[in-house]
Amino acid sequence: MSQWNQVQQLEIKFLEQVDQFYDDNFPMEIRHLLAQWIENQDWEAASNNETMATILLQNLLIQLDEQLGRVSKEKNLLLIHNLKRIRKVLQGKFHGNPMHVAVVISNCLREERRILAAANMPVQGPLEKSLQNSSVSERQRNVEHKVAAIKNSVQMTEQDTKYLEDLQDEFDYRYKTIQTMDQGDKNNALMNQEVLTLQEMLNSLDFKRKEALNKMTQIVNETDALVSSALMEELRDWQRRQQIACIGGPLHNGLDQLQNCFTLLAESLFQLRRQLEKLEEQSTKMTYEGDPIPMQRAHLLERVTFLIYSLFKNSFVVERQPCMPTHPQRPMVLKTLIQFTVKLRLLIKLPELNYQVKVKASIDKNVSTLSNRRFVLCGTHVKAMSIEESSNGSLSVEFRHLQPKEMKSGAGGKGNEGCHMVTEELHSITFETQICLYGLTIDLETSSLPVVMISNVSQLPNAWASIIWYNVSTSDSQEHLPGKSFTFWTWLEAILDLIKKHILPLWIDGYVMGFVSKEKERLLLKDKMPGTFLLRFSESHLGGITFTWVDHSENGEVRLHSVEPYNKGRLSALPFADILRDYKVIMAENIPENPLKYLYPDIPKDKAFGKHYSSQPCEVSRPTERGDKGYVPSVFIPISTIRSDSTEPHSPSDLLPMSPSVYAVLRENLSPTTIETAMKSPYSAE
């Protein structure tokens, strides 16, 4: 059965998709009448071969004429009228650029195959349907159409570049002919006419150069916008679908479509780069005042090169995540000294790269963990990528003989491994390679999803739970917090350690608000009495606690002041309750004063913390200057200098480590009544 016959048997919702893209690209009447002939031609090859495309366009018109003759005998007036109109449109639209029709028909056939594949997927549940809808989203179709349009535009600028070259050659020939003429001949009317012709040719050459550069600039702008937005969104969607598939979701797809888009864009950009090089050659041979090539070409070439680098860097992906062959349903859980497999893919498939791209694997190259466990990879950790012989012909490499080995610390010991549950540690396999192509050298790097290392199969269930938890909750391959060098779990573990070892009595009494954002903190304090303060965990310091109080300026403006967070090192030297009792700032009158009066909402400080004071009040020492990052500084004999502009700044590094809803969940589940349970959490330091 022909592809077109299969298309006609689709459900109405899929037929609507077919109707939509044919309206925008190619007459459906021609697709229907010439279905078998169209499917038997290699339109994709013709889209890169002008001679082949010209022959196919001529044959298409011949086939259309034959159909016209057939329907004329049937006296189908309406069809005859439509076919004549369509033939006239086709001849006028594609006559000067036959490769365009090849690109259009190739894209239409590819879109049909994609819709057929989507329609033939088995019936699925709500989650699977959601993922399927995502994979065949409107955005994906738009991306493919825009990629095809960019490729077509580059083919047209190729014709412009060739035309410019021919025009310049003709100008050179005519100009040299005049130069060789005798002096007497240069004064006749024929000579004057030839000079006018040369001037017109030069004007035309200048116009065409500007026109070609403007078209190239437009292509670069469109490519830049496409890559930075829709194409990257498609790639992120695929990566998220891969995450869900790894923990039992439906099989993910869409990588072949992404490869097609990445490859076509890369080919178009390299073609555009060659066109710019040809323009430079033409300008070197002949230039003039106001020549646009020297003024615009260098910047345009720089932008094209940047896009090529960006495209390649995003095209290097982990197609199949690390997995032990003995446990195929539990990917990303790796046992020491047991081999695992992992597959890499370059979404830009170019024949020049076959067996030329060597990939090196390593472990924990870019990830810092609190664990003392360190690993190396044994086995073949460098392999070359090759173009597969399968139907998709992807450029990929599969590592099959890697195995993690733990590095022993100290004199054969295992360090402080006992302080952490190994099934909660997340590690990462990193892959590096270098592309050398057409004079460009591009370094590429990508990483697997986080993996858990186990030494015994009995640890597999707990390790798998960690993998599920991570992949359900985040799409960040490192899980790092915005602007931070640590993960959310590292941050939370440090907070739990701080509570247990240094502020547990205060936490049990319910006096530590803890999980509250700076925005929420300001809302709580701004309408309170001067001297009202609250205690919250630091967002930017691991295992830190700070306090913030409110006061008013002379004109009534509300001001908030926060101290530099106290960590476990400082709290080991002085109890936190004593710090709150003795903390002082130097006021305008140069007199030390404790600004902390009422614990939020209105509890007198000594009433809240009096029973936790463990020593006599400290004597005042000397004032200190304002600290870094906008904090009011603090010392072990807590006294500071405060200024009127001491409100803590909201810098990018102070972004929330979690959403307000997560804050609420943590606050609810880490209440004083459940603190002992929390201390037994796998994220606890002990």
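Rules used throughout
Residues numbered from 1 in each chain as written. Predicted model: local features only at pLDDT ≥ 70, side-chain atom pairs only at ≥ 80, totals over all residues. Heavy atoms only, no water. 1 Å grid on protein atoms, 1.4 Å probe; cavity = no way out; pocket = protein on both sides within 12 Å on 5 of 7 lines; lining within 4 Å. Points joined across faces, edges and corners; volume = space filled by probe spheres on them. Helix = DSSP H or I, 4+ residues; strand = E, 2+ residues; numbered from the N terminus. Phe/Tyr/Trp six-rings, centres within 6.5 Å; stacked < 30°, edge-to-face > 60°. Lys NZ or Arg CZ within 6 Å of the ring centre and 35° of its normal. Core = buried A, V, L, I, M, F, W, Y, C linked by side-chain atoms within 4.5 Å. Buried < 20%, exposed > 50% of the residue type's maximum accessible area, 1.4 Å probe, protein only. Contact = heavy atoms within 4.5 Å. Pairing = 2+ DSSP bridges. Axes fitted to C-alpha atoms, helices over the stretch in contact; angles between N-to-C directions. Arc of directions from axis to C-beta. Salt bridge = Lys/Arg side-chain N within 4 Å of Asp/Glu carboxyl O. Patch = residues over 30% accessible without salt bridge, like charges linked within 9 Å, V, L, I, M, F, W, Y side chains within 5 Å. Areas by Shrake-Rupley, 256 points an atom, 1.4 Å probe, with all protein chains shown as cover. Lys, Arg positive; Asp, Glu negative; His and termini not counted. Charge placed at Lys NZ, Arg CZ, Asp CG, Glu CD.

1. Brief notes about empty space enclosed by the protein
(1) Moving on: Applying the stated criterion across every chain, the model contains 7 cavities of 30 Å³ or more.
(2) Moving on: Forming the walls of the largest cavity are 13 residues, and the residues nearest its centre are N107, R110, E111, E144 and H145.
(3) Moving on: For the lining of the largest cavity, the elements supplying multiple residues, two or more each, are helix 2 (12–25), helix 8 (98–119), helix 10 (138–179) and helix 12 (255–285).

2. Overview of the packing of aromatic side chains
(1) Moving on: Inspection of every chain in the model, using the stated rule, returns 15 aromatic pairs.
(2) Moving on: Here Y511 and F609 contribute two aromatic rings whose centre-to-centre distance is 5.6 Å and whose plane-to-plane angle is 65°, an arrangement assigned as edge-to-face. Of this pair, Y511 sits in the loop between helix 15 (488–508) and helix 16 (518–525) while F609 sits in helix 19 (residues 605–609), and the two are 98 residues apart along the sequence.
(3) Moving on: A cation over a ring is seen here: R581 above Y613, with NZ or CZ 5.1 Å from the ring centre.

3. Remarks on the nonpolar core
(1) Moving on: Grouped together as the largest cluster of nonpolar side chains are 92 residues, with contacts concentrated most on L231, F312 and F431.
(2) Moving on: Looking at this core element by element, the count peaks at 17 residues for helix 11 (residues 189–246).
(3) Moving on: Each residue touching L231, except ones within four places of it in the same chain, is listed here: V143, L226, L258, C261, F262, L265 and L311.

4. Quick notes on the sheet that holds strand 17 (residues 598–599)
Across a sheet, paired strands are connected by hydrogen bonds in the backbone, their directions being either parallel or antiparallel.
(1) Moving on: Strand order in the open sheet formed by 5 strands is 14-13-12-17-18, with mixed pairing between adjacent strands. The open sheet has two edge strands with one neighbour each: strand 14 (558–562) and strand 18 (603–604).
(2) Moving on: Where strand 13 (residues 545–552) meets strand 14, 5 bridges bridge the pair, whose relative direction is antiparallel. Residue pairing across strands places H552 opposite V558, the latter belonging to strand 14.
(3) Moving on: Packing against the sheet, helix 16 makes contact with strand 12 (532–537), strand 13 and strand 14, and its axis sits at approximately 165° to strand 12.

5. Considering helix 16
(1) Moving on: Those residues of helix 16 not exposed but buried are K518, E521, L524 and L525. When helix 16 is viewed along its axis, its buried side chains cluster within an angular range of 120° and face the same direction.
(2) Moving on: Lining the buried residues of helix 16 we find strand 12, strand 13 and strand 14.

6. Some details on the pattern of salt bridges
(1) Moving on: Per the counting criterion, the structure on display carries 27 salt bridges.
(2) Moving on: Salt bridges linked by common partners bring D256, E319, K343, R345 and E388 together as one network.

7. Structural notes on a negative patch on the surface
(1) Moving on: Taken together, the side chains of E165, D166, D169 and E281 present a region of like negative charge at the surface.
(2) Moving on: It is helix 10 that provides the largest number of residues to the negative patch, a total of 3 residues.
(3) Moving on: Within the secondary structure, E281 sits in helix 12.

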